[in-house]
Amino acid sequence: VKVRRSERLIDMTQYLLDHPHDLIPLTFFAARYGSAKSSISEDLAIVKKTFKERGTGLLETIPGAAGGVVFTPSITDEEAKEYIESLAERLSEEDRLLPGGYVYLSDMLGQPDLLRKVGRIIAAQYLDKKVDAVMTVATKGVPIAQAVSYYLNAPFVIVRRDSKITEGSTVSVNYVSGSSERIEKMELSKRSLKRGSRVLIVDDFMKGGGTVNGMKSLIEEFEAELVGITVFAESKFKGERAIDDYNSLLFVQDVDTSTKTITVVPGNCFDKE
Ligand SMILES: O=P(O)(O)OC[C@H]1C[C@H](OP(=O)(O)OP(=O)(O)O)[C@H](O)[C@@H]1O
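A. Broad picture of the sheet that holds strand E3 (residues 68–73). Strand order in this open sheet of three strands is E1-E3-E2, and the pairing throughout is antiparallel. The sheet is open, and its two edges are formed by strand E1 (23–24) and strand E2 (57–62), each paired on a single side. Summarising the sheet, E2 and E3 pair through six bridges and their orientation is antiparallel. The residue bridging glutamate 60 from the neighbouring strand is valine 70, located in E3. Each of E1, E2 and E3 touches helix H1 (residues 5–18); the most contacted strand, E3, lies at about 65 degrees to it.

The following block contains the structure:
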């Protein structure tokens, strides 16, 4: 039975949003709606135009028999900036300062709407890159990595600071935990990453940068490739950070221990444009 255009457009949009980065042949949609490929092409042109105008993402058409369409989620700079500014404001208002200059984020990092938006914002930073895996360290980085992995349609891998037999054989590295000048160990199951994988590092918070540095050396141990680093928030760090090329969504600019207040502003991710 033939499906009307208005219904096709709604269902096709939903399908594309649910299958980011998948190559979907036109014949799939033609069969799904009992329509000619030419009608499907016209439908997709409408979706492509609307996605572009609304900043939903890119809809690329791959020509040829093995061709089809690929949806790559994105977000406009304006929408991302506006959202991050609202997060900065929220973080500055509430009592979130922890000892050692850390900031309490766990409530925010458990909110589905925040994770959806942050996942989309971070994934959009790597729109033009190929990412085979998203790497983070247990525990607070995990929800962010999962959100980003949805939008990139790439698996996420969890680096751990403790050994578990359920992880099988692992590769481990020692790293200096910047904030505490302590030598720590982190490890990743050997099964997690193939050689040559292109890996994006995400984490919830960066202080001394030791943790991110540890993940960088793990990626080298796996003979994989670092695509980029994005942290949800970073704090000022007096010492020398061993990482210079990273993105942060938020920056804890000022910490006043007497009034227990912090000033949070948007991070460096907008400076790079
Ligand atoms: O830049 P650094 O000085 O290395 O600090 C950033 C680390 C510390 C903190 O993790 P923890 O709160 O220690 O551990 P978990 O994420 O498991 O809560 C945070 O999630 C980053 O991973």
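B. Structural view of the nonpolar core. Counting 42 residues, the largest nonpolar core has Leu114, Val118, Ile144, Phe232, Leu249 and Leu250 as the members making the most contacts within it. Mapped onto this core, the elements with two or more residues apiece are helix H4 (77–93), helix H5 (112–124), helix H6 (142–152), strand E8 (198–206), strand E9 (225–235), strand E10 (247–256) and strand E11 (261–266). Of all hydrophobic cores here, the second largest spans 24 residues; its members include Val173, Met186, Val212 and Ala224.

C. Just the packing of H1 against helix H2 (residues 26–33), in detail. Relative orientation of the contacting elements H1 and H2 amounts to 135 degrees, with a least axis distance of 11 Å. Relative to H2, H1 is oriented oblique. For the element pair H1 and H2, the recorded crossing hand is right-handed. Residues Arg8, Asp11, Met12, Tyr15 and Leu16 of H1 form the contact with H2, whose participating residues are Phe28, Phe29, Arg32 and Tyr33. A class-by-class count of the residues in the contact of H1 with H2 yields six nonpolar, no polar and three charged.

D. View of a negative patch on the surface. On the surface, a cluster of negative charge is made up of Glu82, Glu85, Glu89 and Glu93. Structurally, glutamate 85 can be placed in helix H4. On the basis of relative accessible area, glutamate 85 is assigned to the partly exposed category, the value being 42%.

What counts and what doesn't
- Residues numbered from 1 in each chain as written.
- Predicted model: local features only at pLDDT ≥ 70, side-chain atom pairs only at ≥ 80, totals over all residues.
- Heavy atoms only, no water.
- Pairing = 2+ DSSP bridges.
- Helix = DSSP H or I, 4+ residues; strand = E, 2+ residues; numbered from the N terminus.
- Contact = heavy atoms within 4.5 Å.
- Axes fitted to C-alpha atoms, helices over the stretch in contact; angles between N-to-C directions.
- Core = buried A, V, L, I, M, F, W, Y, C linked by side-chain atoms within 4.5 Å.
- Buried < 20%, exposed > 50% of the residue type's maximum accessible area, 1.4 Å probe, protein only.
- Parallel < 35°, antiparallel > 145°, perpendicular 65-115°, else oblique.
- Left-handed = near helix turned anticlockwise from the far one by under 90°.
- Nonpolar A, V, L, I, M, F, W, Y, C, P; charged D, E, K, R; others polar.
- Patch = residues over 30% accessible without salt bridge, like charges linked within 9 Å, V, L, I, M, F, W, Y side chains within 5 Å.
- Areas by Shrake-Rupley, 256 points an atom, 1.4 Å probe, with all protein chains shown as cover.
- Salt bridge = Lys/Arg side-chain N within 4 Å of Asp/Glu carboxyl O.
- Lys, Arg positive; Asp, Glu negative; His and termini not counted.
- Charge placed at Lys NZ, Arg CZ, Asp CG, Glu CD.

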